[in-house]
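Structural description and commentary
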Amino acid sequence: MRVLKFGGTSVGSAERMHALVHLINDGVPKIVVLSAMSGTTNNLVEISNALYAKENEKVKRLIDALESKYNDVIKQLYKTEKALSRGKQLIDSHFDYLRAFTIDVFTVNEERAILAQGELLSTALFHYYLEEIGVDSVLLPALNFMRIDENDEPDMKHIETHIQPELAKDPGCKLFITQGFICRNAFGDIDNLKRGGSDYTATIIGAAIRSDEIQIWTDIDGMHNNDPRIVDKTHPIAELSFDEAAELAYFGAKILHPTCILPAQMRNIPVRLLNTMQPEAKGTLISSKATEDIFKAVAAKDGITAIKIKSARMLLAYGFLRSVFEIFERYKTPIDMIATSEVAVSLTIDNVKNLDEIVKELREFCSVEVDTDLSIVCVVGSFTAQKQGYAVRIFDALKNVPIRMISYGGSENNVSVLIDTKLKKEALVALNNGLF
Ligand code: ASP
């Protein structure tokens, strides 16, 4: 069984939903994971924010606008009166639900329930369309099996044991449609896998059912070797290893959710990135196979803050780094890059929610400098010890870009540099010219 994920633009209009049928109706058994229609999750976030801000009028206006968008969609989506009236009933029930939330008691749990409506709507509307045109399919309720644990990690055991009985309810079925992004948490409440999480749903399901291939369909032809919005003449990468793809997904290649490679890698299931607008294009194949090319891609991540920590106590001491890291751990703040010398350590974070508290605690035992508006530029490839000369090529390409920090040797797949965000374009272009 394959798992295919289609993002918001692939179900973004009636026309796109009509086109989608041709990509999935080929008789090969599959589970199709859908995002919400493009823009919907953002609209639902706005509705939640207005509820938090107790802006009654705004809440009403936003809900009305979204509802009328859906009412327009179904007029284009369906031909028969029967399907149209089913679609209308579905929309009415979801929007009655949204209107039932009041500003008096609005909590995080309710916000999550609101955010789930996008995927619940897109999958049901698409499933009705398949029924209208006589394509056999079954709607698989993700909330019956997708679950995260207390650490917000997928609860693979629960998912594996709960998805099988759901699939077994319809033994002959070749086409299951399910919601991306949404899940339940350890308390059984509706939750989600964070923005862009439908990719993650697809790889989690793929791993849970031991699928033979996971396909992520977007509207670009695979992962590119550089950011096409910034650099001319980029090209899709034909093949990547799991490790290379995981580095790229984290460091800014927006095409994939950062943690979605892991479940596929754990079960060694190939992931193919394909383009709905150009289905015949080869896209990118991510698998355990290592390829020969040294340089695969360059990616950048903005919004990075560097923290420079200096202390004479670090000299020849042990336990210093542990006390530094413990503070970050306590504030649940992941560290991205790190460089140390005998008396100082520099590290970067992208989540600054608890920065003030972290700095305050660090200052109790060392001096601290904070630097903002930085970008990590990372070069991804296969940099094994046998291959020589690649560092020279990277740094030669970057000879005119001032570098604040370097991370080299952390993995065989990544060389990262920290630069001022203002110089990002210059760095990406220079690396494109120097490496590819
Ligand atoms: N609908 C969710 C979002 O917009 C999840 C997804 O599209 O992957 O973030």
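A few points on the structure.

Basis of the calculations
- Residues numbered from 1 in each chain as written.
- Predicted model: local features only at pLDDT ≥ 70, side-chain atom pairs only at ≥ 80, totals over all residues.
- Heavy atoms only, no water.
- Salt bridge = Lys/Arg side-chain N within 4 Å of Asp/Glu carboxyl O.
- Helix = DSSP H or I, 4+ residues; strand = E, 2+ residues; numbered from the N terminus.
- Buried < 20%, exposed > 50% of the residue type's maximum accessible area, 1.4 Å probe, protein only.
- Near = heavy atom within 4 Å.
- Polar contact = N/O pair within 3.5 Å; in protein donor to acceptor, adjacent residues only side chain to side chain.
- Nonpolar A, V, L, I, M, F, W, Y, C, P; charged D, E, K, R; others polar.
- Contact = heavy atoms within 4.5 Å.
- Expected span 1.5 Å × (residues − 1).
- Pairing = 2+ DSSP bridges.
- Phe/Tyr/Trp six-rings, centres within 6.5 Å; stacked < 30°, edge-to-face > 60°.
- Lys NZ or Arg CZ within 6 Å of the ring centre and 35° of its normal.
- Patch = residues over 30% accessible without salt bridge, like charges linked within 9 Å, V, L, I, M, F, W, Y side chains within 5 Å.
- Areas by Shrake-Rupley, 256 points an atom, 1.4 Å probe, with all protein chains shown as cover.
- Core = buried A, V, L, I, M, F, W, Y, C linked by side-chain atoms within 4.5 Å.

The next subject is the pattern of salt bridges. The tally for this structure, following the rule as stated, stands at 25 salt bridges. Its salt-bridge partner being Arg99, residue Asp64 comes within 2.8 Å of it at the nearest N-O pair. Here Arg99 lies in helix α4 (residues 81-99) and Asp64 lies in helix α3 (residues 56-77), a separation of 35 residues in the sequence. Of the charged contacts in the structure, one is a salt bridge between Asp302 and Lys424, with a shortest N-O distance of 2.8 Å. Of this pair, Asp302 sits in strand β11 (residues 295-310) while Lys424 sits in helix α14 (residues 424-435), and the two are 122 residues apart along the sequence. Assessed through its relative accessible area of 14%, Lys424 is described here as buried. Linked through salt bridges whose partners overlap, the residues forming this network are Lys60, Asp64, Glu67 and Arg99.

Moving on to the site of the ligand. Neighbouring the ligand are the residues Ser35, Thr41, Glu119, Phe181, Arg195, Gly196, Gly197 and Ser198. Between the ligand and Ser35, the relevant distance is 3.1 Å, taken from an oxygen atom to a side-chain nitrogen or oxygen of the residue. In this structure, Gly196 approaches the ligand through a main-chain N or O atom, which is 2.7 Å from an oxygen atom. For the shell around the ligand, a count of residues per class yields one nonpolar, five polar and two charged.

Attention now moves to the side chain of His94. Secondary-structure assignment places His94 in helix α4. By relative accessible area, which is 11% here, His94 ends up buried. The contacts of His94, once residues within four sequence positions are left out, are Gln117, Leu120 and Leu121.

Another aspect to go through is helix α2 (residues 40-52). Helix length check: α2 (13 residues) gives 18 Å between terminal C-alpha atoms against 18 Å at 1.5 Å per residue, within 8%. The set of residues buried in α2 consists of Thr40, Thr41, Leu44, Ile47, Ser48, Ala50 and Leu51. Lys54, located one to two residues past α2, shows a positive phi value of around 55°.

Right, let's talk about the pairing of strand β10 (residues 284-287) for a bit. Burial along β10 is two-sided: Thr284 and Ile286 facing one way and Leu285 and Ser287 facing the other are all buried. Alignment of strand β8 (residues 239-241) against β10, held across three bridges, turns out to be parallel. For Ser241, the partnering residue across the bridge sits in β10 and is Ser287. Where strand β9 (residues 271-275) lies against β10, three bridges are found, and the strand directions are antiparallel.

Turning our attention to the packing of aromatic side chains. Summed over all chains, the structure comprises nine aromatic pairs. Seen in terms of ring centroids, Phe6 and Trp217 are 5.6 Å apart; in terms of plane orientation they differ by 20°. Their pairing is stacked. Taken as a pair, Phe6 in strand β1 (residues 2-6) and Trp217 in strand β7 (residues 213-218) lie far apart in primary sequence, 211 residues in all. Here the two residues Phe6 and Trp217 agree in accessibility, since each one is buried. Seen from their ring centres, Phe101 and Phe106 are 6.3 Å apart, and the 90° between their planes marks the pair as edge-to-face. For the pair formed by Phe101 and Phe106, the shared burial category is buried. In textbook terms, an aromatic cluster arises when at least three aromatic residues are bridged by ring pairs, as seen for Tyr52, Tyr97, Phe101 and Phe106. Here the basic side chain of Arg86 rests over the ring of Tyr128, its NZ or CZ set 3.9 Å away from the ring centre.

There is a patch of nonpolar side chains on the surface, built from Leu321, Phe325 and Ile338 and spanning about 200 Å² of accessible area. Turning to its location among the elements, Ile338 is positioned in strand β12 (residues 338-340). Ile338 gets classed as partly exposed once you look at its relative accessible area, which sits at 33%.

Moving on, we come to the nonpolar core. The biggest cluster of nonpolar side chains holds 107 residues, and the ones touching the most others in it are Phe6, Phe126, Met146, Leu256 and Ile286. The element contributing the most residues to this core is α3, with eight residues. Among all residues touching Ile286, those that are not within four sequence positions of it are Leu240, Ser241, Phe242, Ala245, Leu256, Ile261, Pro270, Val271 and Leu273.

Along the chain, the position of Leu193 falls in the loop between β6 (190-192) and α8 (198-208). Look at Leu193 and you get buried, because its relative accessible area is 6%. A C-alpha to C-alpha distance of 25 Å links Leu193 and Cys378, two positions 185 residues apart in sequence.

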